[in-house]
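# Per-entry structural report
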Amino acid sequence: QVQLVESGGGLVQAGGSLRLSCVASGNTFRISMMNWYRQAPGKQRELIAGIRSGGSTNYADSVKGRFTISRDNAKNTVYLQMNSLNPEDTAVYYCNVLIAVPGQLYDYWGQGTQVTVSS
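Residues numbered from 1 in each chain as written. Predicted model: local features only at pLDDT ≥ 70, side-chain atom pairs only at ≥ 80, totals over all residues. Heavy atoms only, no water.

Turning our attention to the overall build of the protein chain. From N to C terminus, the protein chain includes zero helices and eleven strands. Mapped from its N terminus to its C terminus, the protein chain presents α and β elements in the order β-β-β-β-β-β-β-β-β-β-β. Taken against the 2.2 N^0.38 rule, which gives 14 Å for 119 residues, the C-alpha radius of gyration of the protein chain at 14 Å falls within 12% of a compact globule. Projecting the C-alpha coordinates of the protein chain onto the three principal axes gives extents of approximately 45 × 25 × 25 Å. (Helix = DSSP H or I, 4+ residues; strand = E, 2+ residues; numbered from the N terminus. Rg over C-alpha atoms; globule rule 2.2 N^0.38 Å.)

Quick look at the structure:
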């Protein structure tokens, strides 16, 4: 089992920045992929950024160039630096981790943190 606790959400004006953090605890030694998703009101949850254990990253087009995902393996923490925020970024942001063991893939979710961007 893995537990995830997110922090760093809040209210920010358009053009501002926020940094989200997600700390993992429990059986973290098998974590391979760490991701950030978001879900805006009335929309499906979408993957916006991911980072592999080796450090390679991927981003959704909607956040590319504005958001940066990073991880500190020693602290079992993944971060999402969000710059140039706009009202369309308003959503609940969720941390997600993937654990791969032979023949099985498990994923775990945080409780979510609200990000609200005012115009």
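It is worth spelling out the nonpolar core at this point. In this structure, Trp36, Leu80, Met82 and Tyr93 are the most contacted members of the largest nonpolar core, which totals 30 residues. Every element with two or more residues in this core is listed here: strand S1 (2-7), strand S3 (18-26), strand S4 (31-39), strand S5 (46-52), strand S7 (67-72), strand S8 (77-82), strand S9 (91-101) and strand S11 (113-118). If near-sequence neighbours (up to four positions away) are discounted, leucine 80 is found in contact with Leu18, Arg19, Leu20, Trp36, Ile48, Ala49, Phe67, Thr68, Ile69 and Tyr93. (Core = buried A, V, L, I, M, F, W, Y, C linked by side-chain atoms within 4.5 Å. Buried < 20%, exposed > 50% of the residue type's maximum accessible area, 1.4 Å probe, protein only. Contact = heavy atoms within 4.5 Å.)

This brings us to the packing of aromatic side chains. Scanning the entire structure with this criterion turns up one aromatic pair. Lying across the ring of tyrosine 79, arginine 19 places its NZ or CZ 4.0 Å from the centre. (Phe/Tyr/Trp six-rings, centres within 6.5 Å; stacked < 30°, edge-to-face > 60°. Lys NZ or Arg CZ within 6 Å of the ring centre and 35° of its normal.)

Structurally, threonine 28 is set in the loop between S3 and S4. Its relative accessible area of 15% is what places threonine 28 among the buried residues. C-alpha separation for the pair threonine 28 and asparagine 76, spaced 48 residues apart in sequence, amounts to 7.1 Å.

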